[in-house]
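Topology and contacts: notes
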Amino acid sequence: MTANTEHPSLLDLPPLTAEHFAAVEDKVAALLRTGCDVVAMQGEALLPLEACIRSAAAPGSTALNVVSGPYGETFGGWLRACGAEVVTLSAPFTGAVDAEQVAEALRRHPRVGLVSLVHAEAATGNTNPVAEIGEAVRESGALLMLDAVASVGAEPLLTDAWGVDLCVVGGQKALAGPAGVSAVSVSARAWERIAANEQAPRRSYLSLLDWKQRWLDGGRTALPHAPAQLEMLALEQAVDRVAAEGLESSIARHRAASAATRAAARELPGLAPYVLRDQDAAPAATTLRAPEGVDAREVVAAALKADPRVPLQAAAGALAEEMLRVNHYGRAADRTVVADTVAALAAGLRTLDVTGAGTGTSAAAAAVDSAEAAWDATASV
């Protein structure tokens, strides 16, 4: 058997030093607009998300869990496993939670010490108003934990200004980077709360305190274990690429992709944006409601048969039959990619003989024209 030498340089890199590892963390901190500690954790973003909850939610504490999609539901399970009393605030998946709803829940439950929130739910295509929610949480004295995996690089994320105590990001969506490494910023208040939790993980892959003691408190001079070198270098390149483009330009590109996709969907027979209001729509991904009586998975399959390159997928779980998703994040937040996706959807609908879709290319042309106009209007703002 002949060895694969296609990428020999990936196997012969010099060791990643502690200094370089720390420099990558600093670049992530700059992206998050935070002066707090940032720890790059060696795994997909579910690792720091679970680590944050198991570290900050002590047995007998009370947590407010905002659910606007499947990740919020996952957080609730982790919080209960920690022995916390969970107050659930659910928002319809077709929209976002309102900051006043959060403030009212905190008034009714003054013992809440932790609020867990997803900024943007790629799975449901909605995004929550973190700035306003953060103000309400600060007034209550609770900690705010934010899942910003699908929002970082696609929409504003002002970690310190918004009062986010635990902010988790990953590189695999808008940053167009690796999935195997992630990062979390931790405020001084959060460190105090975690240190006071006797059940916070120690000597564990989930332990934030281990990172603090063995890495941060020592001045980041000696790594506590062998780093995921390739993933760290890829994360650095992803952050550098966003910096070179300009964060505001990256955000504008994702907003334009969202606006264009939503505008086009309104022109395609039977399709409609799943998230009702434009201001509640996540810039990283657009969810669409399938035509009545048509399985969303069939629409996706037909569209991908027309053009297998486009970033389309069906939803998972209970939403699989009714929702499909356009993943216009990272390099797919691109004018040509959006136009190709719209054309593929139109072709798929024609294949399925959805009412109104069998009028030749007129529906596709109208949808692409709407997408182009929406892109121009959004990008010029």
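Only a predicted model underlies this, so the values are computations on that prediction, with no experimental measurement involved. (Residues numbered from 1 in each chain as written. Predicted model: local features only at pLDDT ≥ 70, side-chain atom pairs only at ≥ 80, totals over all residues. Heavy atoms only, no water.)

Turning our attention to empty space enclosed by the protein. Following the criterion strictly, the structure yields two cavities of 30 Å³ or more and no others. Of the voids in this model, the largest cavity is the one considered here, and its volume is about 60 Å³. Around the largest cavity, the lining residues are V28, L31, V169, G170, G171, L175, V181, S182, A183, L235 and V239. A class-by-class count of the residues in the lining of the largest cavity yields eight nonpolar, three polar and no charged. Lining the second largest cavity, in full, are A260, R335, V338, A339, A371, E372 and W375. Broken down by class, the residue content of the lining of the second largest cavity amounts to five nonpolar, no polar and two charged. (1 Å grid on protein atoms, 1.4 Å probe; cavity = no way out; pocket = protein on both sides within 12 Å on 5 of 7 lines; lining within 4 Å. Points joined across faces, edges and corners; volume = space filled by probe spheres on them. Nonpolar A, V, L, I, M, F, W, Y, C, P; charged D, E, K, R; others polar.)

Summarizing the sequence annotation, UniProt attributes the feature "binding site: substrate" (unreviewed entry) to R325 in the numbering used throughout. With sequence-adjacent residues up to four places away left out, R325 is seen in contact with A122, A123, A285, T286, T287, P311, L312 and Q313. Reaching out from R325, the side chain makes a polar contact with the backbone oxygen of A122 at a distance of 3.4 Å. (UniProt positions renumbered as here; feature names shortened; annotations may be inferred. Contact = heavy atoms within 4.5 Å. Polar contact = N/O pair within 3.5 Å; in protein donor to acceptor, adjacent residues only side chain to side chain.)

Right, let's talk about the environment of E44 for a bit. Along the polypeptide, E44 turns up in the loop between β1 (37-41) and α2 (46-56). With 139 residues separating them along the chain, E44 and A183 place their C-alpha atoms 9.1 Å apart. Among all residues touching E44, those that are not within four sequence positions of it are Q172, A179, G180, V181 and S182. In terms of polar contacts, E44 uses its side chain to reach the side chain of Q172, at 3.3 Å. (Helix = DSSP H or I, 4+ residues; strand = E, 2+ residues; numbered from the N terminus.)

Closest axis-to-axis distance for the helix α6 (residues 188-196)/helix α7 (residues 208-216) pair is 10 Å, and the angle between their directions is 115°. The angle between α6 and α7 places the two elements in the roughly perpendicular class. Note that α6 runs across α7; the crossing there is left-handed. Touching W191, I194 and A195 of α6 are L208, L209, K212 and L216, all from α7. Here the residues of the contact of α6 with α7 sort into six nonpolar, no polar and one charged. (Axes fitted to C-alpha atoms, helices over the stretch in contact; angles between N-to-C directions. Parallel < 35°, antiparallel > 145°, perpendicular 65-115°, else oblique. Left-handed = near helix turned anticlockwise from the far one by under 90°.)

Turning to the layout of surface pockets, a few remarks are in order. Here the largest pocket is characterised by a volume of approximately 490 Å³. Every residue lining the largest pocket is counted, 24 residues in all, and those nearest its centre are T127, E155, R255, Q279 and A281. Looking at the lining of the largest pocket, the elements with two or more residues in it are α5 (130-140) and α9 (247-265). Per-domain counts for the lining of the largest pocket show at least three residues from each of domain 1 (18-244) and domain 2 (247-380). (Domains from an automatic or database assignment.)

On the surface, L10, L11, L13 and L230 cluster together into a nonpolar patch covering about 380 Å² of accessible area. Looking at the secondary structure, you find L13 in the segment before α1 (18-32). Accessibility expressed as a relative area gives 34% for L13, which makes it partly exposed. (Patch = residues over 30% accessible without salt bridge, like charges linked within 9 Å, V, L, I, M, F, W, Y side chains within 5 Å. Areas by Shrake-Rupley, 256 points an atom, 1.4 Å probe, with all protein chains shown as cover. Salt bridge = Lys/Arg side-chain N within 4 Å of Asp/Glu carboxyl O. Buried < 20%, exposed > 50% of the residue type's maximum accessible area, 1.4 Å probe, protein only.)

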